[in-house]
Amino acid sequence: MIQEARGIFMLRAFFQKLSLFQNEDKMNFCKIGIVAAFSALLFGCSEETKTRSVVVYFSQTGTTKTVAEEIQKNTGADMVELGLENPYPSTYDSTIQRAKRERESKRWPELLQAKMNLANYDTVFLGYPIMFGTFAPPIYTFLDSNDLNGKVVVPFCTYGSGGLKNSAEELKRLVPGMKLVKPYGIAHKRISKAPEEV
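Along each chain, residues carry numbers from 1 onward, in the same order as the chain's sequence is written. For a predicted model such as this one, the threshold for reporting local features is a pLDDT of at least 70, and the threshold for listing and counting side-chain atom pairs is 80 or more; totals across whole chains, interfaces and linings nevertheless cover every residue. Values shown for side chains rest on all heavy atoms present in the structure; no hydrogens or waters enter the calculation.

Caption draft 1: Representation of the side chain of Thr64. On the secondary structure map, Thr64 appears in helix α3 (residues 63-75). A distance of 2.7 Å separates polar atoms of two side chains, one belonging to Thr64 and the other to Thr158. Here, residues are in contact when the closest pair of their heavy atoms is within 4.5 Å. When near neighbours in sequence (up to four residues on either side) are disregarded, Thr64 contacts Tyr57, Phe58, Ser59, Gly127, Tyr128, Pro129, Phe156 and Thr158. Only runs of H or I of at least four residues qualify as helices and only runs of E of at least two qualify as strands under DSSP, and these elements are numbered from the N terminus. Two N or O atoms count as a polar contact when they lie within 3.5 Å, although within protein this holds only if one can serve as hydrogen donor and the other as acceptor, and sequence-adjacent residues are included solely when both atoms are side-chain atoms.

Here it is as structure tokens:
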């Protein structure tokens, strides 16, 4: 009963929020809300029941982390931040230069925790900033180290000028066996709206 009540509450809250958005935002947002609510209905989010969802994300400036925390708060999912063995520089230009070298050489950065035990999770919310029109290089390391085939994967990203669609298409190309849900993205300049949209 507790699990069902939580799922119903999430569905009601989701549709109340959905009514506040413009059409384009509704299309990007609706799948995440539905996946979260039905995860609660099917698998439960009480302390006695192990969560079946996990939020995995890389955040360079903190904006993607903001979205990840809102998703975690609304779903009750576990959460894992992808940390780098050798963090990116603090300046934008230096970070872009390094990311460009990584993409050209396809030598992806090492993660502090690359291999994860995802066996207990049905749904993976995967978050990242957009770099060069797709997900940031650390996500390649995560994908190379973990098997997402058969998992429901919900991508979410932050960006300056786009890349949401391209990143989702690349995810599906690299892991064709994943069950990809339409992604959610938010521009850096709108990050303050994340608590209302997620």
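Having seen the model, we can carry on.
Caption draft 2: The arrangement of the pairing of strand β7 (residues 184-187) in detail. By the alternation rule, side chains of β7 split into Tyr184 and Ile186 and Gly185 and Ala187, which are all buried. Strand pairing is assigned whenever DSSP detects at least two bridges linking the two strands. The pairing of strand β5 (residues 152-159) with β7 spans four bridges and is parallel. Among the inter-strand pairings, Tyr159 is bridged to a residue of β7, identified as Ala187. Buried means the residue's accessible area, taken with a 1.4 Å probe over protein chains only, is under 20% of the maximum for its type, while exposed means over 50%, and partly exposed covers the values in between.

Caption draft 3: Region of interest: the environment of Pro87. Here Pro87 lies in the loop between β2 (78-81) and α4 (92-105). Once the C-alpha coordinates of Pro87 and Glu110 are considered, the two residues, 23 residues apart in sequence, prove to be 9.4 Å apart.

Caption draft 4: Fine view of the nonpolar core. Each nonpolar core is a collection of buried residues, namely Ala, Val, Leu, Ile, Met, Phe, Trp, Tyr and Cys, held together in the definition by side-chain atoms within 4.5 Å. If you look at the biggest cluster of nonpolar residues, it comprises 31 residues, and the most contacted ones within it are Leu126, Phe142, Leu143 and Leu148. Every element with two or more residues in this core is listed here: β1 (53-57), β3 (123-131), α5 (137-145), β5 and α6 (164-174). Of all the elements, β3 adds the most residues to this core, at five residues. Residues in contact with Leu143, not counting those within four places in the same chain, are Leu126, Phe135, Leu148, Leu171, Leu174 and Val175. Core analysis: the next-biggest nonpolar cluster, separate from the first, contains 12 residues, Tyr57, Val67, Phe125 and Val181 among them.

Caption draft 5: A look at the environment of Leu143. For Leu143, the location among the structural elements is in helix α5. Relative accessible area serves as the criterion here: at 10%, Leu143 is assigned to the buried category.

Caption draft 6: Highlighting the packing of aromatic side chains. The aromatic pairing rule takes the rings of Phe, Tyr and Trp, using the six-membered ring of Trp, and pairs them if the centres are within 6.5 Å, calling planes under 30 degrees apart stacked, those over 60 edge-to-face and the rest tilted. Throughout the structure, instances matching the rule amount to four aromatic pairs. Seen from their ring centres, Trp108 and Tyr140 are 4.0 Å apart, and the 5° between their planes marks the pair as stacked. Placement of the pair is Trp108 in the loop between α4 and β3 and Tyr140 in helix α5, with a sequence separation of 32 residues. Take Tyr140: its relative accessible area is 7%, and that puts it in the buried class. Aromatic side chains Tyr128 and Phe135 sit 5.7 Å apart centroid to centroid with 70° between the ring planes, which places their arrangement in the edge-to-face category. Summarising the burial analysis for this pair, Tyr128 and Phe135 share the class buried.

Caption draft 7: How the structure looks around unusual backbone geometry. Despite not being glycine, Lys106 shows a phi value in the positive range, around 55°. Even without a glycine there, the phi angle at Phe132 is positive, about 55°. Assignment of secondary structure puts Phe132 in the loop between β3 and β4 (134-135).

Caption draft 8: Broad picture of α3. What a helix is expected to span follows from its residue count: subtract one and scale by 1.5 Å. Look at α3: 19 Å from first C-alpha to last across 13 residues, which is about the 18 Å you get at 1.5 Å a residue. Among the residues of α3, Thr63, Thr64, Val67, Ala68, Glu70, Ile71 and Thr75 are the ones counted as buried. One side of α3 carries all its buried residues, which in axial view fall inside an arc of 160°. The first or second residue beyond α3 is Gly76, which carries a positive phi of 75°. Along the arc lie the directions from the helix axis toward the C-beta atoms.

Caption draft 9: Representation of the pattern of salt bridges in the model. Here, a salt bridge means any side-chain nitrogen of Lys or Arg that lies within 4 Å of a carboxyl oxygen of Asp or Glu. The full count for this structure, using the stated rule, is four salt bridges. Residue Glu102 is joined to Arg98 by a salt bridge in which the shortest nitrogen-to-oxygen separation is 3.0 Å. Taken together, the positions of Glu102 and Arg98, both in helix α4 and four residues apart, correspond to about one turn of that helix. Accessibility assignment for this pair places Glu102 and Arg98 in one class, buried.

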